[in-house]
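Observations on chain architecture
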Amino acid sequence: MRGEIVQGKSAIQSRLFAGILYTYLSLVVIFSGWLSWEYVDLKKHLIANVESKAQVLSQDFVKIVMLGNADDAADTASRLSAFKDVFGVFLYGESGVVQFAYSEDSAQITDAPTLRPGPIEFLDGTMTIFLPVIYQGEEYATVLFLVSTAYITDQMFTNCVVGGLILLLMAISAYLFNLFLQKTVAKPIAELALVVNKVSETHDYNLRATTTQTGEVGVLCLGFNEMLGKIQLANL
């Protein structure tokens, strides 16, 4: 007699999907953490870059503070123009008075911000950083750098786009892999489990597990069907 085909789903399919989903979400969390780390690292790199520029220009700044020579100021402005990310510099003397001001567009030099050395600020695409002017171990003045953070913004946008595409490809791959496992492993085992339960409840040994698999799952189903056949013959 032809065996009855019993089909259905079991917890193994849900658990398999949940496992793949959990793995994918873990990767999303890791990627988010990496983005945060990358943002902090980019800011640290920008700060270190500005500090290096201040150190390189320290002698020029000291000359301006000590001598007040217009040629020195023009020279310093020329050197600052080579730093494309720096769009504003203000040099404060010991009394807090601005002794030198530089703007990327010299016609747009505005009033100098109040001298307030403190935490570095990142606001509206600008990094504001006050640094001491130290030359040969002695502090002479304070310099304010206004620096564009466009590079950080562009780099983070690129990271998000590339990372987003990678995560999308991984999501598609995970979905296809899940379908493959559902079809080749989870579904046959779920159907076999239903047959086992059905036989246990009804003692109908005419039932058979069906599968198209040729691997271990197929061997398992064939072995179970063979056992049912022997039991059926024994009960005749």
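Residues numbered from 1 in each chain as written. Predicted model: local features only at pLDDT ≥ 70, side-chain atom pairs only at ≥ 80, totals over all residues. Heavy atoms only, no water.

1. Digging into the sheet that holds strand β5 (residues 138–148)
Sheet strands pair via backbone hydrogen bonds, and the direction of the pair is either parallel or antiparallel. What counts is decided by this rule: Whether two strands pair depends on DSSP finding at least two bridges between them. Note on conventions: DSSP H or I runs of at least 4 residues are helices, E runs of at least 2 residues are strands, and numbering of each starts at the N terminus. To obtain an axis, a line is fitted to C-alpha atoms, over the contacting stretch when the element is a helix, and the angle between two such axes runs from 0 to 180 degrees between their N-to-C directions. When checking whether two residues touch, look at their non-hydrogen atoms; a contact exists if any pair is within 4.5 Å.
Taken in spatial order, the five strands line up as β2-β1-β5-β4-β3 in an open sheet, and their pairing is antiparallel. The open sheet has two edge strands with one neighbour each: β2 (98–103) and β3 (121–123). Neighbour-to-neighbour, the strand axes of this sheet turn through a mean angle of 20 degrees, independent of strand direction. Direction of pairing for β3 relative to strand β4 (residues 126–135): antiparallel, over a ladder of three bridges. Its bridge partner lying in β4, phenylalanine 122 is registered against methionine 127. Across the sheet, helix α2 (residues 58–67) touches β1 (86–92), β2, β4 and β5, and the angle it forms with β4 is around 75 degrees. Strands in contact with helix α3 (residues 70–80) are β1, β2 and β5; relative to β2, the strand with the most contacts, it is inclined by about 35 degrees.

2. Details of the packing of aromatic side chains
The line we're drawing: Here a Phe, Tyr or Trp ring, Trp counted by its six-membered ring, pairs with any other such ring whose centre lies within 6.5 Å, and the pair is stacked when the planes are under 30 degrees apart, edge-to-face when over 60, and tilted otherwise. Each residue is placed in one exposure class: buried if its accessible area under a 1.4 Å probe, protein chains only, is under 20% of its type's maximum, exposed if it is over 50%, and partly exposed if it falls in between.
Scanning the model with the defined rule gives two aromatic pairs in all. Judged by centre distance (6.0 Å) and plane angle (25 degrees), the rings of phenylalanine 31 and tryptophan 34 are stacked. Here phenylalanine 31 and its partner tryptophan 34 are both found in helix α1 (residues 11–56), three residues apart, which amounts to about one turn of the helix. Classification of tryptophan 34 by relative accessible area gives partly exposed; the value is 37%. With a centroid separation of 6.1 Å and an interplanar angle of 40 degrees, the aromatic rings of tyrosine 92 and phenylalanine 130 are classed as tilted. Here phenylalanine 130 lies in strand β4 and tyrosine 92 lies in strand β1, a separation of 38 residues in the sequence. The residues tyrosine 92 and phenylalanine 130 share a single accessibility class, namely buried.

Read these as spatial facts, not as claims about activity.
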